[in-house]
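Listed here are the chains, written in short residue letters.
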Amino acid sequence: MQGRVSSNVLGIIGLDYSGSTLLTNVLSGLPDTINSGESHWIIDRNLGCKECGNQPCPIFTEQMIKQLRELPIPTTEWWDVIAMHSNSKLIISSDKRPRHYDRFGHPNHIIFLIKDPRANITSWCSRKFKEATPESDVFTSEQVEKGLVWWYKLHKEAIDWIEENGIPTTVLFLEDFVSNQEDRLSDIADIFSIPLNDEQKSNALQFWERQLHYIGGNHSVKRLNKERYFYKSIKIDERWKTRLSNKSQEEILLDRRISIVKERLRKFRILG
């Protein structure tokens, strides 16, 4: 298990499909900041920059990637190598799972990103049962239950890990971030005492207008089809309304496991 690192690292903890790619792309607009994305893909999947693909990346250079792959794992040098090669003062990581931060070094601060469980479970079921359930159909009770098991298990593991390691943590609800973008952006910047003017806020929030470089993620921003749900926008994910029955929607909100997680989150600082 690794200790805290010397570079300034803001680590995102959250589930798959929780909005971490959106958040880190926004935060990459902060001054002197790099979005490392899901950097474990560098060694776990042998991948580089999501946006550059097979082309040379000006940020995640061959030299940086090579040095990272040569590090003995676990290490506390991972973030220092990224900071040195990118000349950045702050690293935003969406490696998300505690086990990756145990391998690379614990962040100085964590944003625990929480998405509406109805939306999060719907996204998981959409991937998990893609062949069994057409996009026009609602998910069965059995499929939703499997999604609930997944949701609870990973949230419990993350909260247990944060408590065990005593890492300063702030909870951010994705829907609140979307509804209060400038305020929440300023709140996050304040964690590292980064002042922002209106122009900097606008530049950060309109991330699709910037040149982006990051590892991993579910899709490329610059190659995203304009028909996709989140094309050039920051909006609340409401696709669950057509994929969950009224009964499933209600059962998720009333589920004991959801209540347990929400209650445990109260011990952390909550934005909004």
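These lines cover the structure that appears in this document, whether it is placed above or below. (Residues numbered from 1 in each chain as written. Predicted model: local features only at pLDDT ≥ 70, side-chain atom pairs only at ≥ 80, totals over all residues. Heavy atoms only, no water.)

What to know about the pairing of strand 1 (residues 8-13)
- Among the six residues in strand 1, five count as buried, and that is most of the element.
- Here five bridges tie strand 1 to strand 3 (residues 90-96), and the two strands are oriented parallel to one another. Counted as the bridge partner of G11 is S93 from strand 3.
- Looking at chain direction, strand 1 and strand 4 (residues 109-114) are connected through four bridges and run parallel. (Buried < 20%, exposed > 50% of the residue type's maximum accessible area, 1.4 Å probe, protein only. Helix = DSSP H or I, 4+ residues; strand = E, 2+ residues; numbered from the N terminus. Pairing = 2+ DSSP bridges.)

Some remarks on empty space enclosed by the protein
- Evaluated as defined, the whole model comprises one cavity of 30 Å³ or more.
- What the largest cavity holds in volume is close to 40 Å³.
- Forming the boundary of the largest cavity are I13, G14, L15, K96, R97, P98, L154 and A158.
- In terms of residue class, the lining of the largest cavity is built from five nonpolar, one polar and two charged. (1 Å grid on protein atoms, 1.4 Å probe; cavity = no way out; pocket = protein on both sides within 12 Å on 5 of 7 lines; lining within 4 Å. Points joined across faces, edges and corners; volume = space filled by probe spheres on them. Nonpolar A, V, L, I, M, F, W, Y, C, P; charged D, E, K, R; others polar.)

Brief notes about the environment of D237
- Mapped onto the secondary structure, D237 falls in the loop between helix 10 (198-205) and helix 11 (240-243).
- The exposure class assigned to D237 is buried, which follows from its relative accessible area of 5%.
- Between the C-alpha atoms of D237 and V178, which are 59 residues apart in sequence, the distance is 9.8 Å.
- Excluding anything up to four places from it in sequence, D237 contacts K115, A119, S123, Y229 and F230.
- A polar atom in the side chain of D237 sits 2.9 Å from the side chain of R239. (Contact = heavy atoms within 4.5 Å. Polar contact = N/O pair within 3.5 Å; in protein donor to acceptor, adjacent residues only side chain to side chain.)

Things to note about the nonpolar core
- F60, L68, W78, W79, I82, F112 and L265 are the most contacted members of the largest nonpolar core, which totals 51 residues.
- Among the elements that take part in this core, helix 7 (residues 141-165) stands out by supplying nine residues, more than any other.
- One finds L10, L23, L174 and L271 within the second-largest nonpolar core, a separate group that totals 29 residues. (Core = buried A, V, L, I, M, F, W, Y, C linked by side-chain atoms within 4.5 Å.)

Regarding the layout of surface pockets
- Here the second largest pocket is characterised by a volume of approximately 260 Å³.
- In terms of lining, the second largest pocket is formed by 15 residues, of which the most central are G48, G53, Q55, F60 and E62.
- For the lining of the second largest pocket, the residue count by class is seven nonpolar, five polar and three charged.

A closer look at the packing of aromatic side chains
- Per the stated rule, a full pass over the model turns up eight aromatic pairs.
- Ring geometry for F207 and W208: centres 5.0 Å apart, planes at 75°, overall edge-to-face.
- Classification of F207 as buried rests on a relative accessible area of 7%.
- Stacked on the ring of W240, the Lys or Arg R118 has its end atom at 4.0 Å from the ring centre.
- In this structure, R239 is placed above the aromatic ring of Y229, and the distance from its NZ or CZ to the ring centre is 4.8 Å. (Phe/Tyr/Trp six-rings, centres within 6.5 Å; stacked < 30°, edge-to-face > 60°. Lys NZ or Arg CZ within 6 Å of the ring centre and 35° of its normal.)

Observations concerning helix 7
- With 25 residues, helix 7 extends 36 Å between its outermost C-alpha atoms, agreeing within 8% with the 36 Å of an ideal straight helix rising 1.5 Å per residue.
- Of the residues trailing helix 7, G166 is marked for its positive phi of about 65°. (Expected span 1.5 Å × (residues − 1).)

Quick notes on the side chain of S93
- With respect to the helices and strands, S93 occurs in strand 3.
- Every residue in contact with S93, bar those within four places of it in the chain, is listed here: L10, G11, I12, T24, S36, G37, W79 and Y101.

What about unusual backbone geometry?
- Between I73 and the following residue, P74, the backbone shows a cis peptide bond with an omega angle of 5°.
- As for its position among the elements, P74 is in the loop between helix 3 (62-69) and helix 4 (78-86).
- Its identity is not glycine, yet N87 carries a phi of approximately 55°, on the positive side.
- Mapped onto the secondary structure, N87 falls in the loop between helix 4 and strand 3.
- Even without glycine at this site, K232 takes up a positive phi of about 45°.
- By the secondary structure assignment, K232 is in the loop between helix 10 and helix 11.
- Judged by its relative accessible area of 45%, K232 is partly exposed.

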